[in-house]
Amino acid sequence: MKSHLKNLVLLLALAMAISCSPKDKELVPVNNVNVTPGVTTDGSATGGSTSGGTAFDPNGQTLVSQGTFKNGVHTASGTAKLYQKGTTYTLVFDSFKVESGPDLRIYLAENNQAKNFIELTELKNTGNFYLTLPDKADVSKQINVLIWCKQFAVLFGSAELTAPTQK
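Calculation criteria
- Residues numbered from 1 in each chain as written.
- Predicted model: local features only at pLDDT ≥ 70, side-chain atom pairs only at ≥ 80, totals over all residues.
- Heavy atoms only, no water.
- Buried < 20%, exposed > 50% of the residue type's maximum accessible area, 1.4 Å probe, protein only.
- Helix = DSSP H or I, 4+ residues; strand = E, 2+ residues; numbered from the N terminus.
- Pairing = 2+ DSSP bridges.
- pLDDT = per-residue confidence, 0-100.
- Contact = heavy atoms within 4.5 Å.
- Core = buried A, V, L, I, M, F, W, Y, C linked by side-chain atoms within 4.5 Å.

### Examining the pairing of strand S6 (residues 104-109)
The element S6 is largely enclosed, with a buried count of six among its six residues. Burial of the side chains of S6 extends over both faces: Leu 104, Ile 106 and Leu 108 are buried on one face and Arg 105, Tyr 107 and Ala 109 on the other. Relative to strand S9 (residues 144-149), S6 runs antiparallel, the two being bridged by six bridges. Each bridged residue has a counterpart across the sheet, and for Leu 104 the counterpart in S9 is Cys 149. Pairing geometry for S6 and strand S7 (residues 118-122), over four bridges, is antiparallel. The partner of Ile 106 across the bridge, within S7, is Thr 121.

Printed below as a string of structure tokens:
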């Protein structure tokens, strides 16, 4: 009886270890690029270099697309807006919230399964902040903003960017 119980405990421990381990296949970005994070609206940096230490100013910018965050396996809310000025695109997060998790990243991808994604930055903030997109971002195809747990290959939340509605 003791050997059966011991085997059962070992089997359960093995099953838990397999189910809780990181995914074997790591996603590889389409273009291995990063961006310079922006700043929050209160002027604190989102990590890395700042974009001049000021809040995002939409004056002179064209709103290209926007989307509302939807839950993945965790709760996410807020909006993402894509602005253009000349050849520069800026991704603005407004009232953004997501449940905390390990190794969260911001991806721009073709779908919410991270097809042909680029990694923009490690997620360090919630609230209001912005990111200047790299030149290699294809905003005509990569229309999904993903909050992705890189360690476990899990979608925490996403926003599909669509053209704003005309009033």
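### What about the sheet that holds S6?
Backbone hydrogen bonds are what pair the strands of a sheet, in a parallel or an antiparallel way. The strand order S3-S10-S9-S6-S7 describes an open sheet built from five strands, whose pairing is antiparallel. The two strands at the open ends of the sheet, each matched to only one other strand, are strand S3 (70-71) and S7.

### Describing unusual backbone geometry
The phi dihedral of Ser 95 is positive, around 50°, even though this residue is not glycine. Within the secondary structure, Ser 95 sits in strand S5 (residues 88-98). We note that Ala 114 has phi near 70°; this positive angle belongs to a residue other than glycine.

### Description of the confidence of the model for the protein chain
Mean pLDDT over the protein chain stands at 79; residues scoring 70 or higher make up 66%. A low-confidence stretch, residues 12-25 stays under pLDDT 50, and its non-local contacts, those more than four residues away or across chains, total seven contacts.

### Some words on the nonpolar core
Core analysis: the largest hydrophobic core is formed by 25 residues, its most contacted members being Phe 69, Phe 93, Ile 106, Val 145 and Ile 147. Mapped by element, the contributors of at least two residues to this core are strand S4 (76-85), S5, S6, S7, strand S8 (127-132), S9 and strand S10 (154-160). Among the elements that make up this core, the one with the highest residue count is S5 (four residues). The contacts of Ile 147, once residues within four sequence positions are left out, are Phe 69, Phe 96, Val 98, Leu 104, Arg 105, Ile 106, Leu 123, Val 154, Leu 155, Phe 156 and Gly 157. Tyr 107, Ala 114, Trp 148 and Leu 155 belong to the second-largest nonpolar core, a separate cluster that totals seven residues.

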